[in-house]
Amino acid sequence: MPDEEDRTESAVGPDNSQEAMDQRRLAQETRNERKVWYFLGYFLFGIHLVAFVMIYAVMHAPNK
């Protein structure tokens, strides 16, 4: 019966195996972690930029 062989073959194929799913999940986690680090870097850069602008403004403000 060819139908039974097709089902068995596709169930153990590389696309449906647990190892392949784990490898895809690990690759996705790596991409997500990289994005988190980029967002954190941009956030910290922005905070420092705002702080430097505020320091510049305070240092160059006219005295009253």
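The structure this text deals with has already been given above.
An account of the accompanying structure is given in this report. Small disclaimer: the values here were computed from a predicted structure and weren't measured. (Residues numbered from 1 in each chain as written. Predicted model: local features only at pLDDT ≥ 70, side-chain atom pairs only at ≥ 80, totals over all residues. Heavy atoms only, no water.)

1. Quick look at the overall build of the chain
Then comes step 1: The secondary structure content of the chain amounts to two helices and zero strands.
Then comes step 2: Across the 64 residues that make up the chain, the buried fraction comes to 3%.
Then comes step 3: Accessible area for the chain stands at about 6,500 Å²; split by element, carbon and sulfur atoms hold 65% of it. (Helix = DSSP H or I, 4+ residues; strand = E, 2+ residues; numbered from the N terminus. Buried < 20%, exposed > 50% of the residue type's maximum accessible area, 1.4 Å probe, protein only. Areas by Shrake-Rupley, 256 points an atom, 1.4 Å probe, with all protein chains shown as cover.)

2. A short note on the pattern of salt bridges
Two side chains of opposite charge can pair, provided their charged atoms sit close to one another.
Then comes step 1: Scanning the entire structure with this criterion turns up one salt bridge.
Then comes step 2: The closest approach of N and O atoms between Glu29 and Arg25, which form a salt bridge, is 2.8 Å. Here Glu29 and its partner Arg25 are both found in helix α2 (residues 18–59), four residues apart, which amounts to about one turn of the helix.
Then comes step 3: Owing to a relative accessible area of 41%, Glu29 belongs among the partly exposed residues under this scheme.
Then comes step 4: Looking at Arg25, the relative accessible area reads 45%, which means it is partly exposed. (Salt bridge = Lys/Arg side-chain N within 4 Å of Asp/Glu carboxyl O.)

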